Amino acid sequence: MNWIILILAGCMEVGFTFCLGKTKTATGHELALWWLGFLLALALSMFLMAKAAERLPIGTVYPVWTGIGAVGSVLVGIFFFDEPATFWRMFFITTLILSVVGLKVMG
């Protein structure tokens, strides 16, 4: 269950980076809603990460949380914000994923 909570925390990190990206082009009420979404996703992400850290080692929780956030944010950038999907970008994202998986397997 703690791993599910940690994965949800990472997904919320991706959510708040998506909202942050949307604030770049929004105006008026739409801008306020994206900022609200950012703050809610940020708070939920931190809360869930803290809950996961109650039972999992913090040396595993934080890298997994940031890894999910980093990989998810790159994918959000590629699929929603027209960022490039170059070979080297995908190569290093893959090494990041393998490192996070390695922490789980070895921990």
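As a starting point, this report considers the structure included with it.

## Quick look at the pattern of salt bridges
Inspection of the entire model under this criterion finds two salt bridges. Between K51 and E54 there is a salt bridge, and its shortest N-O distance comes to 3.6 Å. Residue E83 pairs with R89 through a salt bridge whose shortest N-O separation is 3.0 Å. On the basis of relative accessible area, E83 is assigned to the partly exposed category, the value being 33%.

## Section: the environment of L42
For L42, the location among the structural elements is in helix α2 (residues 28–53). Classification of L42 by relative accessible area gives partly exposed; the value is 24%. For L42 and S99, which are 57 residues apart along the polypeptide, the C-alpha to C-alpha distance reads 24 Å.

## Some words on the nonpolar core
In a soluble, globular protein the nonpolar side chains are often hidden away together inside. By size, the foremost hydrophobic cluster in this structure holds eleven residues: I5, L6, A9, L48, M49, A52, L56, V61, V64, W65 and V100. Looking at this core, the elements that each hand over two or more residues are α1 (2–22), α2 and α3 (58–80). Setting aside anything within four residues of it in sequence, one finds A9 in contact with S45, L48, M49 and W65.

## Section: the packing of aromatic side chains
Under the counting rule described, the total for this entry stands at eleven aromatic pairs. Pairing F87 with F91 gives two aromatic rings, centres 6.2 Å apart and planes at 20°, and the pair type is stacked. Of the two residues, F87 and F91 are both situated in helix α4 (residues 87–106); the distance of four residues between them amounts to about one turn of the helix. Assessed through its relative accessible area of 57%, F87 is described here as exposed. Taking the centre distance of 5.0 Å and the plane angle of 75° together, the rings of F91 and F92 count as edge-to-face. Grouping aromatic residues by their ring pairs yields a cluster made of F18, W34, F80 and F81.

Thresholds applied
Residues numbered from 1 in each chain as written. Predicted model: local features only at pLDDT ≥ 70, side-chain atom pairs only at ≥ 80, totals over all residues. Heavy atoms only, no water. Salt bridge = Lys/Arg side-chain N within 4 Å of Asp/Glu carboxyl O. Buried < 20%, exposed > 50% of the residue type's maximum accessible area, 1.4 Å probe, protein only. Helix = DSSP H or I, 4+ residues; strand = E, 2+ residues; numbered from the N terminus. Core = buried A, V, L, I, M, F, W, Y, C linked by side-chain atoms within 4.5 Å. Contact = heavy atoms within 4.5 Å. Phe/Tyr/Trp six-rings, centres within 6.5 Å; stacked < 30°, edge-to-face > 60°.

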